[in-house]
Amino acid sequence: MKKITMTVKLPLFRPTHAKQEMYRTMRSEFARLLNRVLDIKRQQPALNAKDIDHLLKKESILPSTTRQEARKLALSRYEEWEMNKTTKSFPRFKEKQTILFNNQNWRLRYDNGRLKLGIPTIEKGILTLEKYVPVQTNDYTEFWVQTLLTGEWDRTSKHYHPSFERIIEIKKGQGQLYEKKKRWYFAFSVTLIMRETEKPVQGKTVGVDRGLKMIAVAGCGQTGEYLIFHGRHLGHIRRNYHRLRRQLQTAKNRKAIKRLGCKERRIVHYWNHVISKRIVQFAEQTGATVIKLERLKGIRQMKRHWKRSDRNIHSWSFFDLEKKIQYKAEQKGLTVEYVDPYKTSQQCFRCGNVKRTNRRGSLFQCSCGYTKQADVNASFVISARPSIAG
Ligand SMILES: [Zn+2]
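Residues numbered from 1 in each chain as written. Predicted model: local features only at pLDDT ≥ 70, side-chain atom pairs only at ≥ 80, totals over all residues. Heavy atoms only, no water.

*Asks:* It is not clear to me how the packing of aromatic side chains should be interpreted in this structure. Could you clarify?
*Replies:* Overall, the coordinates contain 18 aromatic pairs when judged by the stated rule. Their ring planes at 50° and their centres at 5.6 Å tell us that Y78 and W81 sit as a pair that is tilted. Here Y78 and its partner W81 are both found in helix α3 (residues 64–83), three residues apart, which amounts to about one turn of the helix. What makes Y78 buried here is its relative accessible area of 6%. On the accessibility criterion, W81 (13% relative accessible area) is buried. (Phe/Tyr/Trp six-rings, centres within 6.5 Å; stacked < 30°, edge-to-face > 60°. Helix = DSSP H or I, 4+ residues; strand = E, 2+ residues; numbered from the N terminus. Buried < 20%, exposed > 50% of the residue type's maximum accessible area, 1.4 Å probe, protein only.)

Here it is, written out as C-alpha cells:
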C-alpha cells in the first residue's frame, strides 16, 4: 500500500472583524497552552500525556481535542530539546500560532451552494463546537472538497488522474487555521491510501543508458532489441554555441550570452522531448512494463568525466530527460524504476563479469565471447539490474 498526503488550502471568505478578533484570541490561547505544556514538563518531567491533559482541562476553555493537539505539539518540541539539551536553548512558542484541529474537529458542508467550514469557536467565553463560516474555493480545491465529501471523484475534471482508480481510502487529516499577510486560511490534509500497481511476473524491462557520445540508448536485454540516439544534432549545437559564446564573451556582450543560453536550452528541451517520446514508444513496442534508469547521485560526481564545454548543457539536460521519460511513461501506464549505476558500462550482459578492459572505445568485448556496441550492452545491463528503492 502507498500513502499520499496532500494539503488543501481554503481562504476564509470575508471574515468579520469580530470573527478575526475571536480567532486571534483563540490563537493566543493556543500559544499560551503550548508554552504552558513546556513549563509543566520542565518543572515536572515525570508527568505523562494524560496527567498534562488533566491539568489543561481545568485551565482552558478550548475544546479537548484542540488542547490535545497543543499538548502533542509542545511535547514533541520538548522531546526534541531533551535530546539536544547541551546545544539548544529551551523552546518557546511565538504568540502568533497556527491553531490545530484534530480531524474529528472540523467539517465542510454546502449551504445554499456556498462551501462552509465548521470549526469550534469561542464567543463571549462560550465554546461552540461547530460554528460555520464561508470559505473560498477554486477549481482545484473544489475538486478535493467534493472528493472528500462524496468519496467519489469527478472523472471529467482536469485534476483527475487515472491513478486515482487505485485509491482504497480517502482520509481526512488535521486542520490548521492561520493568518498570513492579513488574510485567514484554513488548510487541511487529505491522505490517499492507494493500492500498489500490480506488476506482471517477469514482465519485460527496458534499460536506458545516458551518455555523452550517445545521448541515450534504450535496450531490452530479454529481447535483444535496442534504440540508439546519437545526439549528433546536439553535439553540433553544443560546439557551435560554445564557439559563439566565446566570441561574445570577448566582446563582453552579456545580454547576448544570456539569450544564447535560453536558445540552447530550448533546443535541448525539444530534443529531450523527442527522445523521451521515442523511448516510451520503444518500451511499448517491446511489450515492456518497466523502464529502468541509472540512479545518478549528484551531478557533481558526473561532471568530473565531462569536458568543461559540455558541463553546463549536460548538468541539467540529463535530469530534464529523466523527468520527461518519467512523465511520458506514467501517461502510458509504464513504471520508471532506478538501478545502482555501479559500473554498468563495464559489466557483461551475458556472463555478468565486470572488467574495465572489456570496454574498448565504443565496443564491448568480454572474455566469454560476448560482443556488443558498448552503450547497447550497458542498456541491457541496466534493464536486467534489480531496482532500488526511491
Ligand atoms: Zn561475458
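*Asks:* Sorry if this is basic, but what is going on with a nonpolar patch on the surface here?
*Replies:* A surface patch of nonpolar side chains, amounting to about 240 Å² of accessible area, comprises I61, L127 and L129. Along the polypeptide, L129 turns up in strand β5 (residues 126–134). (Patch = residues over 30% accessible without salt bridge, like charges linked within 9 Å, V, L, I, M, F, W, Y side chains within 5 Å. Areas by Shrake-Rupley, 256 points an atom, 1.4 Å probe, with all protein chains shown as cover. Salt bridge = Lys/Arg side-chain N within 4 Å of Asp/Glu carboxyl O.)

*Asks:* Could you clarify how one ought to interpret the nonpolar core in this entry?
*Replies:* A general tendency of soluble globular proteins is for nonpolar side chains to be buried together. Residues W106, L117, L177, F186 and F188 are the most contacted members of the largest nonpolar core, which totals 50 residues. Looking at this core element by element, the count peaks at nine residues for helix α1 (residues 17–43). Setting aside residues no more than four positions away along its own chain, L117 makes contact with L12, W106, R107, L108, K131, Y132, V133, V135 and F186. Counting 22 residues, the second-largest nonpolar core is a separate cluster that includes V206, I279, A283 and L334. (Core = buried A, V, L, I, M, F, W, Y, C linked by side-chain atoms within 4.5 Å. Contact = heavy atoms within 4.5 Å.)

*Asks:* So what exactly am I meant to see when it comes to the pattern of salt bridges here?
*Replies:* It is possible for side chains bearing opposite charge to pair when their charged atoms get close. Within this structure, the stated rule accounts for 19 salt bridges. A salt bridge links E179 to R27, with the shortest nitrogen-to-oxygen separation between them at 2.9 Å. Here R27 lies in helix α1 and E179 lies in strand β6 (residues 167–180), a separation of 152 residues in the sequence. Salt bridges sharing partners connect three or more residues here, namely E21, R24, R27 and E179.

*Asks:* Would you mind going over the sheet that holds β5 with me for this structure?
*Replies:* Pairing between the strands of a sheet comes from backbone hydrogen bonds, and it takes one of two forms, parallel or antiparallel. Strand order in the open sheet formed by three strands is β3-β4-β5, with antiparallel pairing between adjacent strands. Only two strands of the sheet have a single neighbouring strand rather than two, namely β3 (107–111) and β5. When strand polarity is set aside, the average angle formed by the axes of neighbouring strands in this sheet is 40°. Note: strand β4 (residues 114–123) against β5, seven bridges, orientation antiparallel. Among the inter-strand pairings, K116 is bridged to a residue of β5, identified as P134. Against the sheet, α1 engages β4 and β5, with an angle of about 55° to β4. Set on the sheet, helix α4 (residues 139–150) makes contact with β3 and β4; between it and β3 the angle comes to about 105°. (Pairing = 2+ DSSP bridges. Axes fitted to C-alpha atoms, helices over the stretch in contact; angles between N-to-C directions.)

*Asks:* Looking at this structure, I do not really get the sheet that holds strand β11 (residues 288–294). What am I missing?
*Replies:* Taken together, five strands build an open sheet; the order of strands is β10-β9-β8-β11-β12 and the sheet is mixed. Each edge of the open sheet is held by one strand with a lone partner, namely β10 (225–229) and β12 (335–339). Between one strand and the next, the sheet's axes are offset by a mean angle of 20°, whatever the strand orientation. Against the sheet, helix α9 (residues 374–384) makes contact with β8 (204–210), β9 (216–220), β10, β11 and β12, and its axis sits at roughly 135° relative to β8, the strand it touches most.

*Asks:* Explain α4 here, please?
*Replies:* Because an α-helix packs 3.6 residues into every turn, residues spaced three or four apart end up facing the same way. In this model α4 runs 16 Å from its N-terminal to its C-terminal C-alpha over twelve residues, within 8% of the 16 Å that 1.5 Å per residue would give. Listed in full, the buried residues belonging to α4 are T141, F143, W144, V145, T147 and L148. Considering only its buried residues, α4 is in contact with β1 (2–11), β3, β4, β6 and β7 (183–194). Where α4 begins, the side chain of N138 points an oxygen toward the backbone nitrogen of Y140, at a separation of 3.0 Å. Phi turns positive, to about 75°, at G151, one or two residues after α4. (Expected span 1.5 Å × (residues − 1). Polar contact = N/O pair within 3.5 Å; in protein donor to acceptor, adjacent residues only side chain to side chain.)

*Asks:* So what exactly am I meant to see when it comes to the side chain of Q97 here?
*Replies:* For Q97, the position within the fold is in the loop between α3 and β2 (99–101). Of the polar contacts made by the side chain of Q97, one reaches the backbone oxygen of K94; its length is 3.1 Å. Sequence-distant contacts of Q97, that is, excluding residues within four places in its chain, are made with R27, F30, A31, L34 and L177.

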